[in-house]
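What follows is each chain in one-letter form.
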Amino acid sequence: MINSERLLMEIKGIDLTPDEINIYLAENSLVPTTEYSPTSNTNKRNILKTALSILESVANQPALMKNYKQDDISVSQFHENLMSRIESLEIKIRQIPDDANTYQDGAQFFCMFAD
């Protein structure tokens, strides 16, 4: 599976052109045609950051926030669910450890300095 295919798994139901997907991936340091590595925290974090960027773009489109009701869902529910998904992605991204600072046993190291 390549990065662009993995991103499409995260954003099901959002229609983007291949060029738009490539731009979002490039903005988050990913090459669309590179093989996705599920063991790489950095790769996973960048995929989630890309999905977050796409959801934020959707949230910034006022035309999607018009008054309509479809299949028992109102636009306010759409906005609430979208904002909830954005918040959960932000939390998930913060919780993924950095590959560079994680040892093989899962321990992490960081430096803290005080004046």
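Criteria and thresholds
- Residues numbered from 1 in each chain as written.
- Predicted model: local features only at pLDDT ≥ 70, side-chain atom pairs only at ≥ 80, totals over all residues.
- Heavy atoms only, no water.
- Helix = DSSP H or I, 4+ residues; strand = E, 2+ residues; numbered from the N terminus.
- Buried < 20%, exposed > 50% of the residue type's maximum accessible area, 1.4 Å probe, protein only.
- Contact = heavy atoms within 4.5 Å.
- Core = buried A, V, L, I, M, F, W, Y, C linked by side-chain atoms within 4.5 Å.
- pLDDT = per-residue confidence, 0-100.

Caption draft 1: Structural context of the overall build of the chain. A count of helical and extended segments in the chain gives four helices and two strands. Across the chain, helices and strands are ordered from the amino to the carboxyl terminus as α-α-α-β-β-α. When each of the 115 residues of the chain is scored for burial, the buried share is 27%. Within the chain, residue pairs in contact and separated by at least 24 positions form 59% of the contacts whose partners lie at least 6 positions apart.

Caption draft 2: Region of interest: unusual backbone geometry. A positive phi is found at S29, a non-glycine position, where the angle reads about 60 degrees. Within the element layout of this structure, S29 appears in the loop between α2 (18-27) and α3 (41-59).

Caption draft 3: The arrangement of the nonpolar core in detail. By size, the foremost hydrophobic cluster in this structure holds 19 residues, and its most contacted members are L7, L25 and L89. Put simply, the parts of the chain that give this core at least two residues each are α2, α3 and α4 (75-95). Among the elements that make up this core, the one with the highest residue count is α3 (seven residues).

Caption draft 4: Structural detail: the confidence of the model for the chain. With 75% of its residues at a pLDDT of 70 or more, the chain shows a mean pLDDT of 82. The lowest-confidence element of the chain is strand β2 (residues 73-74), averaging 65 in pLDDT; the highest-confidence one is α2, averaging 95.

Caption draft 5: Fine view of the environment of N41. With respect to the helices and strands, N41 occurs in helix α3. Under the relative-accessibility criterion, N41 is labelled partly exposed at 21%. Taking the C-alpha atoms as reference points, N41 and I96, 55 residues apart in sequence, are found 6.4 Å from one another. For N41, the contacting residues outside a window of four places in its chain are I96, P97 and D99.

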